[in-house]
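Here is what each chain is made of, one letter per residue.
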Amino acid sequence: MNSPRLVAFALFFSTCFTAFAVPSAQDLLQEETTKLLKEAELDPTGDFGTAFLTSPDWQHEFHDSGPVEAPAEALGILSALWSKDSSISSDPIKRGMATACALESPRRKWTVDDVFPRYEFFRDKWDQGLLNTMYADLSIFERRYLARGVQHTRFNELASMHYHNDEVCLPSEKYTGACWYARWILHNPFGDSIHGPQYYAPFLNSWGNYAEIVRNVGGVCGSLSNFGAAAALANGIPAVTMGEPGHCAYAVMTKPGHWQPAYSLSWKRDLHTSFHGGSWGWHILVTTAQQDIKATRTSGDIRRLARHYAGKNNFSKALEVLATARQTHPADWQNWILSAEILEKAKKGLSAWQEFHQDIIKHLAPLGGEVAFHLLHKKAYPHLLPKNNLKDSPQQTHKIFASAHRALTDWGLGRWDFQRTLKDQLKLFGKDTPAQDRFMAELFSIHAEQNVFTADILALQLDRTKDDEKRFHAFISDISKSLAKNTDANGDQYKNVITTLARSVLPKAAANGDKATFQAIGKLTAGIFDKSDVTPEKFPGILLSSGGTFGIQKPGNRWDNPSRHWGVIEEHGGDFHTDATPATATIQLGNYGDLTGVVIVTRTGQFTRIVNAVLQTSINGKEWTDVHTFKKHGRTHRVDLRGKDLSAGYVRVIHEGQPSLHFHKFHVYGDKKN
Amino acid sequence: MRSFLPLLALASTAVAKPTRSLNFVEATALAKKSERPVAVYVHGSSWHGASKRFRDLIWKKPEFAATLTQPIILTNIEVKQHFDKEAAAKHDESVKGWKDKSVRTYPAIQVYGFDGHLLTTLSGAALRSLSSMDALTDRLDQLAGLATQRRNLLQEATAAEGSEKLNLLAQLADLPLNNEPKIIAQFKNLDPEDKTGWQARLSFKNWDFVRHITGLVNGDKHDEALTEIEKQLSVPDQSPARLALIHGAKGRVLASQNKLSDAWATFQKAHQCDPKGPNGITMLAYGTRVAGVPLREVLPTDSTLNGKDIGDNISRDHATVTLSSTSNDDPTQHAHLFNGPYAKVGFAIHTDAEKDAHGIVDLQEICQVQALRIINRRTQSGRAKTLTVWTSADQKTWQKIWAADKAEFAWDILLEKPVAARYLKVGLKSPKPEYLSLQAIDIFGSR
């Protein structure tokens, strides 16, 4: 009885047996299906209706595999697919793919004639052994990614899918590199930019399909990411393209339940196939909720029971049932939304909303602050915050917000736009700037221990006070109390706070590849450390390392001050000191690019330590290629990489023979290719 | 010498049959020792059903090896999915010397020379076409024969000097296998002036050559671009696909110099070199846009008149135009209305704002008019939303033959049946005074 799922079952069945008028989960499923068949103008006693109604598995697959848009239309498509291939009902893999195709059709505005060839592609390729074996075990929800295809729809044409299936068939984890099958190139051979209509135009009849055209002609991030994702899909591996600021990336389900971002430059991702919300956090929430098929079915059963009660105006019972769903299946967003809908429909009072609020804090916030705050702002806060003159009761607003913030211990499902949440909350204080500033300081205090969100609070407050240095320093003075206890009250508090923060945040941000945090805090350190006065000759292109992250093994060792790491990859200069073998200093570049050269300025002394260190490059930060071995000692090293055709997202120096490397500058130059 | 090599290769088959080897490292060592090629089946049978089927039903079958006639070593590499670090390291050790990036899709068959040089990779659709035992053995025998031929040529070239060595290297370069490492440098030593053209052929960078020419054009170095193109055209035995690129690059230069007639002829030549290949098709498509369409020699690919029986362009070399008013018009632009590139100002004719603004096109004689293509001005296209066409034999009686539904970038007008006319009035039926300004009028039919 300890398992949440068992609790849910117990509640469900106890409800069924104690309230005699309540149908079983099976009856409710049949009822929902029958109603939908009628809505879709399908005969429940006809061939399809009978096949569908006699298969509870199939009904669960249809109803409980993520949100269903235009359910009657989707069921109509499923019926039409079944008419074309009645073996769908007897083969779970075919049934799953057909159901996924039907569920995605209304979202794509597809008719059965549009979607049937796509279903056939997967059916036939699987029969021929031409899909990855992971395909067999995909849930219907995961198949929806295959059914839907990628953002650039020409990759979804059958000819392109056949091409990808033939020519880019790889182990699942290798699809994160499939984007590089096409060359990154901004202008076609005639000089036409990819941002105009003529880039691909002369090539459209030159090869048999769009995927082959892109592979031969090239493209930039959008084409390349769509190419990589489409290649995975055509081989039966779920994948999705996603927008990032000024960039396009993609993600691949490289293992069951594991989604790996590819060609990604930022955590700010907007997925092109999304359910409920488009961010990475939402993606992980929905895919997590759908991981355990039995649990999704139980969760669906509970919702059907709640709707049954609500349909009979027994809202209290409906909410009681949903409270269990929220506790046992917190990742299932539909439980939260249905709860809010019934609370609103039942016009429930403050205590019911407070209970809902508590559930969000207790069960949803630990999963992910983004979704929790989304729900709080959209549904809970309008019922909980003081109705009028929020600015007159800031203390109560503080208290309500703070209770949610205290529930956050980490990023949860994935990095999210915490600053946006803060901005939404600040708006609720009206124009009361002192109250807003106090709130920001209090938040800093709440989050100081975990030190996960402090960088965002600091960055936002820096932006809010950029024209009022006094206000910012007052803020820093306030938050310094939440930081290092040994802050010298007579010294430079600001400098101490920044140093303390940077020491702690920069290594974590570098380890997580979190450029935004690394840069936000790093830039603050520029004002407290002197610039390096050594400026060797640069290589052509831009400083690709700028805007990235930088990390070493054992940061903060007795010789290393991580608060000075940011400057190492920037024009400003900084320093670091490794203390582990192999000595490793790694840059995640600010921009992917074609490298032209690397400049290193070591510290003044122990010049020989760099000898036999190796410069390596990598596209993904995992597979490294040696490009240069340092043979000479000296303070300044310039490694010319021109003509070597090196594309990279990461650059590192590694020394297998000794533990100490110490640079003031580690600069990578080249032409960016985001 | 060359004619004897296949015989030598065949002779060796009488004494050596295929050998199976357990792994790649062992196979390549054996290849070196026995001077035989290696065929490696690289597959992911644990995660790809078709790879497993191919391995079990063909590659592993004793009759497959028995059917091969050439002395080749057979081995395989299995690439697993979801490798952990330890397993990956173990796998890497077992395939030391093999580069996984040389395989772009699975499964694949790679053929290596006795010296470990990768001669070719069969994969994707190319391998699928060989998924019967007969087809595969034929192809592998052929490749093994080529590998033997290559080995013999390499050995002879090592011993030879001067022109004999050059001849042997040329035969080596001509083999349908991956290029030999450093072969360009060897040619450079033996043939510094590249009289054989091999250095140029082997170092030709295909589409990057076109890209390079575009760079010169953008840098206003047209003469340098043409010189490089002529140099490439003078290289003997260029393949049709390359000739298409070189001629296309020339067309690109000529078009940029506004020599559209010459450019169009050159693009067509490029297409003729490689009519079914991607290079030829691309060059024709590009040439159509930058030269053929502006010259009114060809319709743009998106024209609905393509493929229709519309006759010839009967306006291009004959028609004149007279406008209803001229105070906003520049007659020097009229030439662009029927012929040559579109006017840079965005329109070739421009009336005043007036009721029934129009231009009268004179075809100089009664013609059978079957179709028209009218190009609107680039900006202010909405002015032409009431565009209408009338025909007349005498400018007295006018017959309306078409009217626009809305403003468009271009109108493709196919008449239901040919209309006999000398004059066409192209004008507006706007309820209020409006300007008529158009870029081009092409009239099709017969004289």
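Residues numbered from 1 in each chain as written. Chains lettered and ligands numbered in written order. Predicted model: local features only at pLDDT ≥ 70, side-chain atom pairs only at ≥ 80, totals over all residues.

## A few points about the overall build of chain A
Looking only at helices and strands, chain A has 24 helices and twelve strands in total. Since a compact globule built from 674 residues should have a radius of gyration of about 26 Å, the 28 Å found for chain A is in line with a globular shape. Seen through its C-alpha atoms, chain A measures out along the principal axes to roughly 85 × 70 × 45 Å. Restricting to contacts in chain A with at least 6 residues of sequence separation, those with at least 24 account for 70%. (Helix = DSSP H or I, 4+ residues; strand = E, 2+ residues; numbered from the N terminus. Rg over C-alpha atoms; globule rule 2.2 N^0.38 Å. Contact = placed C-beta atoms within 7 Å.)

## Description of the overall build of chain B
A count of helices and strands for chain B gives 16 helices and 13 strands. For chain B, the C-alpha radius of gyration of 32 Å lies well beyond 22 Å, the compact-globule estimate for 447 residues. Seen through its principal axes, chain B has C-alpha atoms that stretch 95 × 55 × 40 Å. Each of the 447 residues in chain B was classed as buried or not, and the buried ones make up 40%. (Buried ≥ 20, exposed ≤ 12 C-beta atoms within 10 Å, placed from the backbone.)

## Observations regarding the domain arrangement of chain A
All names here are of chain A. Its domain assignment divides chain A into domain 1 (152-289), domain 2 (349-480) and domain 3 (483-674). Each of domain 1 and domain 3 was reduced to a C-alpha centroid, and the two centroids are 31 Å apart. The partner domain 3 presents eight residues to the ten residues of domain 1 that form the contact. Per-class residue counts for the side of domain 1 that touches domain 3 are five nonpolar, five polar and no charged. (Domains from an automatic or database assignment. Nonpolar A, V, L, I, M, F, W, Y, C, P; charged D, E, K, R; others polar.)

## Considerations on the packing of helix α15 (residues 333-345) of chain A against helix α16 (residues 350-364) of chain A
Residues and elements named next belong to chain A. Between α15 and α16, whose axes approach to 11 Å, the crossing angle comes to 170°. It follows from the interaxial angle that α15 and α16 lie roughly antiparallel. Touching Trp336, Ser339 and Leu343 of α15 are Ala352, Trp353, Phe356 and Leu364, all from α16. Looking at side-chain class alone, the contact of α15 with α16 contains six nonpolar, one polar and no charged residues. (Axes fitted to C-alpha atoms, helices over the stretch in contact; angles between N-to-C directions. Parallel < 35°, antiparallel > 145°, perpendicular 65-115°, else oblique.)

## Some remarks on the sheet that holds strand β3 (residues 73-78) of chain B
All names here are of chain B. Read across the sheet, five strands follow the order β1-β3-β2-β4-β5 without closing on themselves; strand pairing throughout is mixed. Edge positions in the sheet fall to β1 (19-20) and β5 (118-123), since each has one partner strand and no second. The strands that helix α7 (residues 133-159) touches are β2 (38-43), β4 (108-112) and β5; relative to β5, the one it contacts most, it runs at about 165°. (Pairing = 2+ DSSP bridges.)

## As for the sheet that holds strand β1 (residues 239-244) of chain A
Residue and element names in this part refer to chain A. Sheet architecture is open: four strands sit in the order β3-β2-β1-β4, paired in antiparallel fashion. Edge strands, defined here as strands with exactly one partner in the open sheet, are β3 (258-262) and β4 (270-271). Examined bridge by bridge, strand β2 (residues 247-255) and β3 share five bridges and lie antiparallel to one another. By the bridge assignment, Val252 is partnered in β3 with Gln260.

## A word on the interface of chain B and chain A
Many authors give the size of an interface as the accessible area that is lost as the parts come together. The interface is formed by 26 residues belonging to chain B together with 23 residues belonging to chain A. When residues of the side of chain B that touches chain A are traced back to their parent elements, those giving at least two are α3 (49-59), α6 (124-128), α11 (207-218) and α15 (278-292) of chain B. Per-class residue counts for the side of chain B that touches chain A are eleven nonpolar, ten polar and five charged.

## Considering the nonpolar core
Counting 217 residues, the largest nonpolar core has Leu81, Phe227, Leu233, Ala239, Tyr250 and Ala306 of chain A as the members making the most contacts within it. Top contributing element to this core by residue count: strand β7 (residues 583-602) of chain A, with ten residues. Not counting residues up to four positions away in its chain, the partners in contact with Leu233 of chain A are Tyr145, Leu146, Gly149, Val150 and Ala239 of chain A. Formed by 34 residues, the second largest nonpolar core is a distinct cluster that contains Ala421, Leu436, Leu438 and Ile441 of chain B. (Core = buried A, V, L, I, M, F, W, Y, C linked by C-beta atoms within 7 Å.)

## Observations concerning the domain arrangement of chain B
What the domain assignment lists for chain B is domain 1 (2-152), domain 2 (160-203), domain 3 (207-292) and domain 4 (312-446). Computed from C-alpha coordinates alone, the two centres of domain 1 of chain B and domain 3 of chain B are separated by 40 Å.

## Focus on the pairing of β5 of chain B
All names here are of chain B. Across five bridges, β4 lies against β5 in antiparallel orientation. Among the inter-strand pairings, Ala108 is bridged to a residue of β5, identified as Ser123. The turn joining β4 and β5, which pair antiparallel and follow one another in sequence, is formed by five residues; a positive phi near 85° is taken by Gly116.

## Let's talk about the packing of helix α13 (residues 240-256) of chain B against helix α14 (residues 260-273) of chain B
Residues and elements named next belong to chain B. With their axes 8 Å apart at the nearest point, α13 and α14 run at an angle of 170° to one another. It follows from the interaxial angle that α13 and α14 lie roughly antiparallel. From α13, Pro240, Leu243, Ala244, His247, Gly248, Lys250, Gly251, Leu254 and Ala255 reach across to α14, where they touch Leu260, Asp262, Ala263, Thr266, Phe267, Lys269, Ala270, His271 and Cys273. When grouped by side-chain class, the residues that make up the contact of α13 with α14 number ten nonpolar, five polar and three charged.

## Regarding the confidence of the model for chain A
All names here are of chain A. This prediction gives chain A a mean pLDDT of 91; 94% of its residues lie at or above 70. Below a pLDDT of 50 lies the segment residues 16-20, which in the model reaches two contacts outside its immediate sequence neighbourhood of four places, other chains included. Overall, residues 484-491 carries pLDDT values under 50, and its contacts beyond four positions in sequence, including any with other chains, amount to seven contacts. (pLDDT = per-residue confidence, 0-100.)

## What about unusual backbone geometry?
Pro582 of chain A follows Thr581 of chain A through a cis peptide bond whose omega is 0°. Examined against the element boundaries, Pro582 of chain A turns out to sit in the loop between β6 (549-552) and β7. In this structure, Pro107 of chain B follows Tyr106 of chain B across a cis peptide bond, with omega equal to -5°. Locating Pro107 of chain B in the fold gives a position in the loop between α5 (85-94) and β4.

## Looking at the environment of Val42 of chain B
Residue and element names in this part refer to chain B. Here Val42 lies in strand β2. Given 24 C-beta atoms within a 10 Å radius, Val42 is considered buried. For Val42 and Asp134, which are 92 residues apart along the polypeptide, the C-alpha to C-alpha distance reads 20 Å. Sequence-distant contacts of Val42, defined by excluding residues within four places in its chain, comprise Ile77, Val79, Val103, Tyr106, Pro107, Ala108 and Gln110.

## A short note on the environment of His374 of chain A
Examined against the element boundaries, His374 of chain A turns out to sit in helix α17 (residues 369-384). For the pair His374 of chain A and Ser403 of chain A, spaced 29 residues apart in sequence, the C-alpha to C-alpha distance is 15 Å.

## Considerations on helix α12 (residues 222-233) of chain B
All names here are of chain B. Helix length check: α12 (twelve residues) gives 16 Å between terminal C-alpha atoms against 16 Å at 1.5 Å per residue, within 8%. The complete set of buried residues in α12 reads Ala225, Ile229 and Gln232. The arc that holds every buried residue of α12, seen down its axis, measures 60°, which confines them to one face. In α12, the exposed residues that point more than 90 degrees away from the buried face are Asp223, Thr227, Glu230 and Lys231. (Expected span 1.5 Å × (residues − 1). Arc of directions from axis to C-beta.)

## Observations concerning the environment of Leu103 of chain A
Residues and elements named next belong to chain A. Examined against the element boundaries, Leu103 turns out to sit in helix α6 (residues 92-108). Of the residues examined, Leu103 has 29 C-beta atoms within 10 Å and is grouped as buried. Each C-alpha atom, one on Leu103 and one on Ala70, is 8.6 Å from the other, the two residues being 33 residues apart in sequence. With residues up to four places along the chain from it excluded, the contact list for Leu103 reads Ser65, Val68, Ala74 and Arg144.

## What about the pairing of β2 of chain B?
Residues and elements named next belong to chain B. Burial runs high along β2: six of the six residues are buried. Of the strand pairs in this sheet, β2 and β4 are connected by five bridges, and their pairing is antiparallel. Within β4, the residue paired with Ala39 across the bridge is Val111.

## Notes on the confidence of the model for chain B
All names here are of chain B. Per-residue pLDDT for chain B averages 93, and the proportion of residues at 70 or more is 96%. Contacts of residues 1-15 to residues separated by more than four positions or lying in other chains number 15 contacts, the stretch itself having pLDDT below 50. Interface scoring of the predicted complex returns ipTM 0.88; its pTM is 0.84.

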